[in-house]
Amino acid sequence: MPTEFPDHSDALAKLVGEPSGPVELSPEAVNSAMIRHWVEAMGDRNPVYLDREAARAAGYRDVIAPQTMLQAWIMKGLRHTLDLEAARAAGTVASNDANSTMMALFDDEGRTSVVATNCDQSYVRPLYLGDRLLVRSSIEAISDPKQTGLGHGRFATSLMEFFAVSNEVAERGVSAEELVSQAELVGTMRFRILKFRPGTGATAVVAKPPRPRPAITEDNAFYFEGLRAGELRIQHCTDCGTLRHPPLPGCGTCTSLNWDYVVSEGKGELYSMVVNHYPQVPAFDYPLPIGLIELDEGTRLVANLEGDPESWAIGQRATAEIRALDDELSLPFFHHDDTQED
Amino acid sequence: MTSHAFAGKVAIAGIGATEFSKKSGRSELRLAVEAVKAALDDAGIHPSEVQGTVTYGTDTNPDVDIARSLGFDDLTFFSRIYFGGGAACGTIQQAALAVNSGVADVVVCYRAFNERSGNRFGAGVQGRAPIANAENAHLASYIPVGLLTPAQWVAMAAARYLYSTGATSEDFGRVAVADRKHAATNPKAWFYQQPITLEEHQASRWIVEPLHLLDCCQETDGGQAIVVTSVERARDLRQDVVIVDAAVQGSAKGQDMMTSYYRDDLCGLPEMGVVARQLWETSGLKPSDIDAAILYDHFTPYVLYQLEELGFCGKGEAKDFVKDGRIELGGELPINTHGGQLGEAYLHGMNGIAEGVRLLRGQSYNQVEGAEKVLVTAGTGVPTSGLILGKDV
Ligand SMILES: [Zn+2]
């Protein structure tokens, strides 16, 4: 028998709606240096974040910050967080805000493990250079105990409301609480966690391993690069025009070693198919239908088929959708061609 | 094409094998050594007389380790053939070329593995490190998609064959039933005394549609060796002489390793067509001269393809040919009288060559009376090989 834990439902119910802690003011105004770091790290090439002309052409009055940076503006950095944790551990900072109280009650119920489950942001208006952000956090909801896959736990939702004032107003020295009353709501974020009793999961949650990697050589790299770029490429002999797949260094029709590629429309006919049942490799879901597709361009390729294996038959039309499985690997998945006429 | 220079001048003088099991409890090298020793004993040749060795590119047992284990003297010929089970009859061709050209007087061909208790081919190739070479790049078209095993590679062709020819899974099943019938009366077979019915075939679970479990060969631990020498030498040895009437290899246009999916159609094995053309032309024989055939049967569909490619029936007609017991003992063309790789053992085709020899010596547990010519094939779906073996006249 598991240990009997107390039930703090009543105490937890009283915390709903309470502020999680004090209103926080962002350390700096929205600025182009942080934006530049962010878009570089994210690989976001949208010019409206750095180029005033492009931003104006897009209908903004000035460059804007990426909207997903919302919470980034009020973060105070790793050193601040570590110092705060150390101070709490040493007892030099009180932790009697509603959020700390809630977490302590969860722990007392035996729910010592935590996992972040989801985070939703909504945006009221874009953030411009010079905006100074404030955040007001509160506990929006605490669920009844639930049996989840991870364990017996409660979900808790925090609501963070983001406000903006001009930098000049923020520098006047009034308290953050007072500033909020004069500020404009620019966005909200809901952050949900699950606090659960470790070892009480219904089933072990095992992450699906990634699909086995293809061996990439100078001969076939263009094909996999193309898929990552959203293109289904077919090797093309630049001397006689013959298309070929799978990739090879030379053309079996004219012996030329010169080639480039064409981009397939991704439409074709199911030439043959199998449904794999055994062995079951963890990276895949079974039964696993796999097709040999004869593309309209004339070459064939082996690819996964979407949907119920029973819905497929040789001779049917199929259309490719290129999908990223992870950062390294994208593959074409074929579904029924709904546009066919027969 | 005229006859190959070695045809009729080279003989199989000895065959030897370990037991066929699911867990040998011994190293693969030990199995190879035992099989080679048994084959030499069968021939009546001392190990010190061996001058050449041939095995598969995929075999893990170095010829020099076997040579040291059995006290071989100097070797003047050592060769390996790639493409998995496609190598089987090719090893005999290599040996025949060496013997007839005077490079080596006695050549031993061998294959040994713990394919059940050790590295199982049917487990798939997903664990293979993606080192950037052409062999791995070939698999790049299949591994990320999940087409990982020999059964899956064959099934892709077989599904199209069913669609195009109107054959059914039951027609594949008739091959399994014949194999298991023969294995049931072969005490050396893993499935000795365990015949199956067509209903049991149909009821067996899917491995990969359209292949049932009973369409797939077993997995075996074991070793098999074959001793090749000149006909003159063989006539002085212990056993009745079995002549190599033809020994050929074949790879065809558009050839791929197990995944030749890009040819005009998927209902043939053109590489077996290359083998067939040479077998008939170099031996001067024709299909009706063949008394029994050992057709490579890792998966049943390709047995139907082979019957067509070898000319035992017309294209698309194998589904009718395999009916009415025609491929069973007492039928028009008994196949796989040892039980095949579905019934006796999966030894990458090497045990099939040994059965061909036994049929011509009159030593098979399922003897085809008066057998004078036996055809043997090697791995299908890959560059392959074939033999016609004949009784000494
Ligand atoms: Zn060309």
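Residues numbered from 1 in each chain as written. Chains lettered and ligands numbered in written order. Predicted model: local features only at pLDDT ≥ 70, side-chain atom pairs only at ≥ 80, totals over all residues. Heavy atoms only, no water.

## Some remarks on the overall build of chain B
Now for step 1: On a plain count of helices and strands, chain B comes out with 13 helices and 11 strands.
Now for step 2: In terms of overall dimensions, chain B is globule-like: its C-alpha atoms have a radius of gyration of 19 Å, near the 21 Å expected for 393 residues.
Now for step 3: Taking the principal axes of its C-alpha atoms as reference, chain B extends roughly 55 × 50 × 45 Å.
Now for step 4: Relative to its 393 residues, chain B shows a buried fraction of 65%. (Helix = DSSP H or I, 4+ residues; strand = E, 2+ residues; numbered from the N terminus. Rg over C-alpha atoms; globule rule 2.2 N^0.38 Å. Buried < 20%, exposed > 50% of the residue type's maximum accessible area, 1.4 Å probe, protein only.)

## Details of the overall build of chain A
Now for step 1: Counting secondary structure elements, chain A contains eight helices and 14 strands.
Now for step 2: Its C-alpha atoms give chain A a radius of gyration of 28 Å, clearly above 20 Å, the size a compact globule of 342 residues would have.
Now for step 3: A buried classification covers 42% of the 342 residues belonging to chain A.
Now for step 4: A sequence separation of at least 24 residues applies to 67% of the contacts in chain A between residues at least 6 apart. (Contact = heavy atoms within 4.5 Å.)

## Focus on the coordination of the zinc ion
Residues and elements named next belong to chain A.
Now for step 1: In this structure, C237 (SG), C240 (SG), C251 (SG) and C254 (SG) serve as the protein donors to the zinc ion, at separations of 2.3 Å.
Now for step 2: Between consecutive donors of the zinc ion, the numbers of intervening residues give the motif C-x2-C-x10-C-x2-C.
Now for step 3: Look at C237 and you get buried, because its relative accessible area is 0%. (Donors = N, O, S within 2.8 Å, 3.2 Å for Na, K, Ca; no water.)

## Considerations on the pairing of strand 13 (residues 317–324) of chain A
Within a regular beta strand, the side chains point alternately toward one face of the sheet and then the other, so they alternate between its two faces.
Now for step 1: Here three bridges tie strand 10 (residues 267–276) of chain A to strand 13 of chain A, and the two strands are oriented antiparallel to one another. Across the sheet, the residue bridging to G268 of chain A is A318 of chain A, located in strand 13 of chain A. (Pairing = 2+ DSSP bridges.)

## Section: the layout of surface pockets
Residues and elements named next belong to chain A.
Now for step 1: By volume, the second largest pocket is sized at about 1200 Å³.
Now for step 2: Breaking the lining of the second largest pocket down by element, the ones donating at least two residues are helix 4 (78–90), helix 5 (98–108), strand 3 (131–142), strand 5 (152–166) and strand 6 (184–196).
Now for step 3: Counting residues per element, the lining of the second largest pocket draws most heavily on helix 4, at five residues.
Now for step 4: Grouping the amino acids of the lining of the second largest pocket by side-chain chemistry returns 13 nonpolar, 10 polar and five charged. (1 Å grid on protein atoms, 1.4 Å probe; cavity = no way out; pocket = protein on both sides within 12 Å on 5 of 7 lines; lining within 4 Å. Points joined across faces, edges and corners; volume = space filled by probe spheres on them. Nonpolar A, V, L, I, M, F, W, Y, C, P; charged D, E, K, R; others polar.)

## Things to note about the interface of chain B and chain A
Now for step 1: Across the contact, 36 residues belong to chain B and 33 residues belong to chain A.
Now for step 2: Of the roughly 3000 Å² buried between chain B and chain A, counting both surfaces, carbon and sulfur atoms make up 63%.
Now for step 3: By the criterion of area lost to chain A, the three top residues of chain B are P144, V145 and M156 of chain B, representing 21% of everything that side buries.
Now for step 4: Where chain B touches chain A, the interface holds zero salt bridges. (Buried area = accessible area lost by both parts, 1.4 Å probe. Salt bridge = Lys/Arg side-chain N within 4 Å of Asp/Glu carboxyl O.)

## Topic: the domain arrangement of chain A
Accessible area lost when the parts come together is the quantity often used to give the size of an interface.
Now for step 1: The assigned domain composition of chain A is domain 1 (9–30 + 65–199) and domain 2 (221–336).
Now for step 2: Distance between the C-alpha centres of domain 1 of chain A and domain 2 of chain A: 47 Å. (Domains from an automatic or database assignment.)

## Notes on the sheet that holds strand 7 (residues 233–237) of chain A
Residue and element names in this part refer to chain A.
Now for step 1: Within the open sheet, the three strands sit side by side as 8-7-9. Their pairing is antiparallel. Of all the strands in the sheet, the pair left with one neighbour each is strand 8 (243–244) and strand 9 (259–263).
Now for step 2: Helix 8 (residues 221–228) contacts strand 7 and strand 9 of the sheet and is inclined by roughly 140 degrees relative to strand 7. (Axes fitted to C-alpha atoms, helices over the stretch in contact; angles between N-to-C directions.)

## Examining the sheet that holds strand 2 (residues 52–56) of chain B
All names here are of chain B.
Now for step 1: Spatial strand order, 3-2-4-7-1-8-11-10-9: nine strands in an open sheet with mixed pairing. Strand pairing shows two members of the sheet lacking a second neighbour, strand 3 (77–81) and strand 9 (292–294), which therefore form its edges. Looking at each pair of strands side by side, their axes are set apart by 25 degrees on average, direction ignored.
Now for step 2: Across five bridges, the pairing between strand 2 and strand 3 is parallel. Bridge pairing in strand 3 links Y56 to I81.

## Remarks on the side chain of Q235 of chain A
All names here are of chain A.
Now for step 1: The residue Q235 is located in strand 7 in this model.
Now for step 2: Here Q235 falls in the buried class, since its relative accessible area comes to 1%.
Now for step 3: From its side chain, Q235 meets the backbone oxygen of L248 in a polar contact 2.9 Å long.
Now for step 4: If we ignore the near neighbours within four places in the chain, the residues touching Q235 are D219, F222, T242, L243, R244, P246, P247, L248, W259, D260 and Y261. (Polar contact = N/O pair within 3.5 Å; in protein donor to acceptor, adjacent residues only side chain to side chain.)

## Thoughts on helix 8 of chain A
Residues separated by three or four positions in an α-helix point in the same direction, a consequence of the helix having 3.6 residues per turn.
Residues and elements named next belong to chain A.
Now for step 1: The buried fraction of helix 8 amounts to six of the eight residues, a majority that puts the element mostly inside the structure.
Now for step 2: Of all the positions in helix 8, only A221, F222, Y223, F224, G226 and L227 are classed as buried.
Now for step 3: Each element contacted by the buried residues of helix 8 is listed here: strand 7, strand 9, strand 12 (300–305), strand 13 and strand 14 (330–336).

## Side note on empty space enclosed by the protein
Residues and elements named next belong to chain B.
Now for step 1: All chains considered together, the criterion is met by five cavities of 30 Å³ or more.
Now for step 2: Here the largest cavity defines a volume of roughly 110 Å³.
Now for step 3: As for the largest cavity, its lining consists of 15 residues, of which A157, S260, R263, G268 and Y302 are closest to the centre.
Now for step 4: Elements that contribute at least two residues to the lining of the largest cavity include exactly helix 9 (270–283) and helix 10 (301–309).
Now for step 5: Residues that form the lining of the largest cavity fall into these classes: eight nonpolar, four polar and three charged.

## Quick look at the pattern of salt bridges
Now for step 1: Following the criterion strictly, the structure yields 42 salt bridges over all chains and no others.
Now for step 2: The salt bridge partner of E109 of chain A is R111 of chain A, with a shortest N-O separation of 2.9 Å.
Now for step 3: With relative accessibility at 2%, the residue R111 of chain A sits in the buried group.
Now for step 4: Here the salt bridges do not stand alone but share partners, grouping E170, D171, R174, K319, D320 and K323 of chain B into one network.

## Remarks on the nonpolar core
All names here are of chain B.
Now for step 1: Counting 68 residues, the largest nonpolar core has L147, Y261, L307, F312 and L375 as its most contacted members.
Now for step 2: It is helix 5 (residues 150–165) that contributes the most residues to this core, nine residues altogether.
Now for step 3: Filtering out sequence-adjacent residues up to four positions away, L375 remains in contact with L279, W280, I290, A292, A293, I294, L295, L310, F312, L387 and I388.
Now for step 4: One finds V107, M350, L359 and V368 within the second-largest nonpolar core, a separate group that totals 39 residues. (Core = buried A, V, L, I, M, F, W, Y, C linked by side-chain atoms within 4.5 Å.)

## What about the pairing of strand 12 of chain A?
All names here are of chain A.
Now for step 1: Within strand 12, six of the six residues are buried, which leaves it mostly tucked inside the rest of the structure.
Now for step 2: Relative to strand 12, strand 11 (residues 288–295) is paired through five bridges, and the arrangement is antiparallel. Its bridge partner lying in strand 12, G291 is registered against A303.
Now for step 3: From the end of strand 11 to the start of strand 12, which pair antiparallel, there are four residues, and G298 there has a positive phi angle of about 115 degrees.
Now for step 4: Sheet analysis places strand 12 next to strand 14, joined by two bridges and oriented parallel. Bridged to L305 within strand 14 is F334.

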